[in-house]
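Fold and contact review
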Amino acid sequence: MSEDSTEAIDDYSLNTYGHTNWAYVSTLDDEQKSWAGTIEGEVKYYHEDKCWGCDMIISKCEDSDYCKEINKVEEEEEILAQNHLRKWGDG
Ligand SMILES: [Zn+2]
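Residues numbered from 1 in each chain as written. Predicted model: local features only at pLDDT ≥ 70, side-chain atom pairs only at ≥ 80, totals over all residues.

What follows covers the overall build of the protein. Summing up its helical and strand segments, the protein has three helices and three strands in all. Reading the secondary structure of the protein in the N-to-C direction produces α-β-α-β-β-α. Taken along the three principal axes of its C-alpha coordinates, the protein extends 55 × 30 × 20 Å. Considering the protein as a whole, with its 91 residues, one finds that 8% of them fall into the buried category. Looking at the protein alone, contacts between residues at least 24 apart form 20% of all its contacts between residues at least 6 apart. (Helix = DSSP H or I, 4+ residues; strand = E, 2+ residues; numbered from the N terminus. Buried ≥ 20, exposed ≤ 12 C-beta atoms within 10 Å, placed from the backbone. Contact = placed C-beta atoms within 7 Å.)

Below you can see the structure in the form of structure tokens.
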């Protein structure tokens, strides 16, 4: 496998599925095979993006401390963004 081919798969996956969460079928364990996705040739494109923390698809996220930290930061950022909008809205 050259780097060129993984980049091409990344591009294709991003354009088609909106993320770069894919894997070579030959490298998957049974659990990974059970996750929803589309197999094209040697590659499985998951239907969901992957959690940064546990490397699982989002709906299978293990919710480890690391993942909780990521999710907390994302929630706080969302709350900050909402408060900011609210402030502007209240005038
Ligand atoms: Zn996770």
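Once that is clear, we can look at the sheet that holds strand E3 (residues 43-46). Overall, antiparallel pairing links the three strands, which are arranged E1-E3-E2 in an open sheet. A single partner strand is all that each edge strand has here, and the edge strands are strand E1 (22-24) and strand E2 (37-40). Neighbouring strand axes in the sheet, compared pairwise and without regard to direction, differ in orientation by 20° on average. In this sheet, E3 lies alongside E1 in antiparallel orientation, the contact comprising three bridges. Each bridged residue has a counterpart across the sheet, and for Trp22 the counterpart in E3 is Tyr45. (Pairing = 2+ DSSP bridges. Axes fitted to C-alpha atoms, helices over the stretch in contact; angles between N-to-C directions.)

Turning our attention to the environment of His19. Looking at the secondary structure, you find His19 in the loop between helix H1 (3-17) and E1. Given 17 C-beta atoms within a 10 Å radius, His19 is considered partly exposed. Note: C-alpha distance between His19 and Tyr46 (27 residues apart in sequence) is 8.9 Å. For His19, the contacting residues outside a window of four places in its chain are Ser13, Leu14 and Asp49.

Here the focus is unusual backbone geometry. With the exception of glycine, the majority of residues adopt a negative phi angle, and the majority of peptide bonds are in the trans configuration. The backbone phi angle of Asp55 is positive, close to 70°, even though this residue is not glycine. Inspection of the secondary structure assignment puts Asp55 in the loop between E3 and helix H3 (65-90).

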